[in-house]
Amino acid sequence: MNKLKQIQAHSLKNGIGNNHFLILQLLQLPNIPYAHNLFVNIPNPTVILYNKFIKAYSSQNQPHECLSLYSQMCFHGCAPNHHSFTLLFAACTALRSLSHGRRLHTHLIKSGFHSDGFASTALLDMYAKLGMLGSARQVFDEIPVRDIPTWNSMIAGYARCGKLEEALALFEQMPSRSVVSWTAMISGYSQNGQYGNALAMFLKMEKEKTVRPNEVTIASVIPACANLGALEVGKRIEAYARENGLFSNVYVSNSLLEMYARCGKIEVALRVFNEIGKRRNLCTWNSMIMGMAVHGRCKEALELYHQMLREGISPDDVTFVGLLLACTHGGMVAKGEELFDSMERRFSIIPKLEHYGCMVDLLGRAGKLQKAYDLIESMPMKPDSVVWGTLLGACSFHRNVELGEKAAKSLFKLEPWNPGNYVILSNIYACTGQWDKVAELRKLMKGGQITKAAGYSFIEVGGEVHKFIVEDKSHLRSAEIYALLNEVSTRMKLQRTGTDSDSELEELYTTESI
């Protein structure tokens, strides 16, 4: 920096115009304010110099300055080029400013750059990220020659907005795909709760072997493994991540930690947590605290919280969901109330609906049903079906008819289609011997044609996850599956009567028929 100042002083002293060179050097440092002071003294800045500044401000997350420079360009008669528009559309995206984006779109057309692939893709990407999918698709259709980034931007836009059928249709039309194309689909499915499709897309990507997964792909598919319980696939993905140096990415390592915690491998999750070490962020701590809480290791969850505070990491609302859950599983009512009170008082975190739900669960499990009901009544927001359902479940456990009826009444209004609420209230009546009310509820369900939906299960076989319900015959090999199940059942009956040997059973269980 001192050397640059010496060059400037020498230039001023000898009347040499080196400002352009100095500005470029200052932007590389970067020292944008100093560079800008020199820039304003240049009589007729070129579009290239304007673009350098726009790019510099964009890299510093100052989109307002980017658009301010665009206004200066127009005022001084300096016409933007295709690269200017590419940078400026990104600034509009960062600002979430559709009005600025539309004005730039108009200027792009008037300037004759609307057929430029880079500028048009940036425009498409802006519309897609701002949720204007119709405008984005119109731009996409008008681009004469589409490259892979153009396709990717449109696919990602559809996926981000939950339009996954449209995203898949475009994905299948692509002449060639990059890792970004596959990742856009995988993350789209995963973020929209379609975990089976996310995992299937990843396995298809593996099978085709045209591109290799990167850290974003891995971080997108692992949550699908966690939600499906596809632990074997998750382990294979972890091995790939470690072999290819992707584990060092904190998003990948955090995803692995959460997968192991959700799949019940809490010791493995703790090993990953310790391995992350100094790279831990708040998400790392939250995942580990939640994992400990879910698996009943309540004291360890609280110890992690205090360790986190000692290391200077401030909690957020997610942290407190994990902590309150730990208190619920550990029956620590006083500690839970203390933590709940500390949210706003100590950390200025306003409790959300999920925190009130945790407190209702905590109080309800401890038998403090009236206190739980009073808390619901005092909530600053309208309680949802989860909150009322939690109270109804607690009333069922403790056989409290009065509060159970109040909770059920609210649930019948919020989700009249849900048969579970009727069943739980019916169980409360049955446990207290009120059979007339049980009959009334059944009659009400029958009249409203409310039926209980069939539950389903997942099973992982050979790295593939299968979904099935009771007596399901939709699988292509269902005949073989039922034949084997029938044989297992028969052998078990024979075993109970002592007419079949252990060795024969062992041979049956290790068969590779499925």
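Computed from a predicted model, the values in this text were never measured in an experiment.

So what's going on with the packing of helix α3 (residues 32-39) against helix α4 (residues 47-59)? Which residues, and what values?
It is at 12 Å that the axes of α3 and α4 come closest, and there the two elements cross at 155°. Classed by the angle they form, the pair α3 and α4 counts as roughly antiparallel. Between α3 and α4 lies a crossing whose hand is left-handed. Within the contact between the two elements, α3 uses Ile32, Ala35, His36 and Phe39 and α4 uses Leu49, Tyr50, Phe53, Ala56 and Tyr57. In the contact of α3 with α4, the residues fall into eight nonpolar, one polar and no charged.

Can you lay out α4 for me, pointing to particular residues and giving the numbers?
In this model, α4 (13 residues) spans 18 Å end to end at C-alpha, consistent with the 18 Å of a helix rising 1.5 Å per residue. Within α4, burial applies to Val47, Leu49, Tyr50, Asn51, Phe53, Ile54, Ala56 and Tyr57. In the segment just after α4, Asn61 is the residue with positive phi, at about 55°.

For helix α24 (residues 385-398), give the residues involved together with the corresponding values.
For α24, spanning 14 residues, the distance from its first C-alpha to its last is 20 Å, which sits close to the expected 20 Å at 1.5 Å a residue. Burial in α24 covers these residues: Val387, Trp388, Thr390, Leu391, Leu392, Ala394 and Cys395. Buried-residue contacts for α24 involve α22 (353-365), α23 (369-378), α25 (401-414) and α26 (419-431). N-capping of α24 is provided by Asp384, with a side-chain oxygen placed 3.2 Å from the backbone N of Val386.

Hey, could you go over the pattern of salt bridges for me, with residue numbers and the actual values?
If the charged atoms of two oppositely charged side chains come close together, the side chains can form a pair. This structure, assessed with the given rule, holds 17 salt bridges. Put simply, Glu238 and Arg242 hold a salt bridge, and the shortest N to O gap is 3.0 Å. Here Arg242 and Glu238 lie together in helix α15 (residues 231-243), a separation of four residues that amounts to about one turn. For Glu238, a relative accessible area of 7% translates into the label buried. Here Arg365 and Asp361 are joined by a salt bridge, their closest N and O atoms 3.1 Å apart. Of this pair, Arg365 and Asp361 both sit in helix α22, four residues apart, which is roughly one turn of that helix. The exposure class assigned to Arg365 is partly exposed, which follows from its relative accessible area of 49%. Here the salt bridges share partners, and the residues they tie into one network are Glu238, Arg242, Arg271 and Glu275.

Quick rundown of the side chain of Thr284? Include the residues and the values.
As for its position among the elements, Thr284 is in helix α18 (residues 282-294). According to the relative accessible area criterion, Thr284 is buried, its value standing at 0%. Among residues more than four places away in sequence, those in contact with Thr284 are Val250, Asn254, Leu257, Phe273 and Ile276.

The rules behind these values
Numbering of residues starts from 1 in every chain and runs along the sequence as written. Only residues with pLDDT of at least 70 are given local features in this predicted model, and only at 80 or more are side-chain atom pairs given and counted; all residues enter the totals for whole chains, interfaces and linings. To get the side-chain values, all heavy atoms of the structure are used, and hydrogens and water are removed first. Note on geometry: axes are lines fitted to C-alpha atoms, helical ones only across the stretch in contact, with angles between N-to-C directions running from 0 to 180 degrees. By the criteria applied, helices consist of DSSP H or I runs no shorter than four residues and strands consist of E runs no shorter than two, each listed in order from the N terminus. Here is the rule for angles: anything less than 35 degrees is roughly parallel, anything more than 145 is roughly antiparallel, 65 through 115 is roughly perpendicular, and the remaining ranges are oblique. By convention the crossing between two helices is left-handed if the near helix lies anticlockwise of the far one by an angle smaller than a right angle, and right-handed if it lies clockwise. In this description, contact between two residues means that some pair of their heavy atoms is separated by no more than 4.5 Å. For this classification, the nonpolar set comprises Ala, Val, Leu, Ile, Met, Phe, Trp, Tyr, Cys and Pro, the charged set comprises Asp, Glu, Lys and Arg, and every other residue, Gly included, is treated as polar. Helix span, expected: 1.5 Å multiplied by one less than the number of residues in the helix. Partly exposed describes any residue whose relative accessible area lies between the buried limit of under 20% and the exposed limit of over 50%, with all areas from a 1.4 Å probe on protein chains only and scaled to the type maximum. Whenever two N or O atoms come within 3.5 Å, that pair is a polar contact, provided that in protein one can donate a hydrogen and the other can accept it, and provided that, for residues adjacent in sequence, both atoms are side-chain atoms. Think of a salt bridge as a Lys or Arg side-chain nitrogen and an Asp or Glu carboxyl oxygen that are within 4 Å of each other.

Geometric descriptors of this kind do not, in isolation, establish any biological role.
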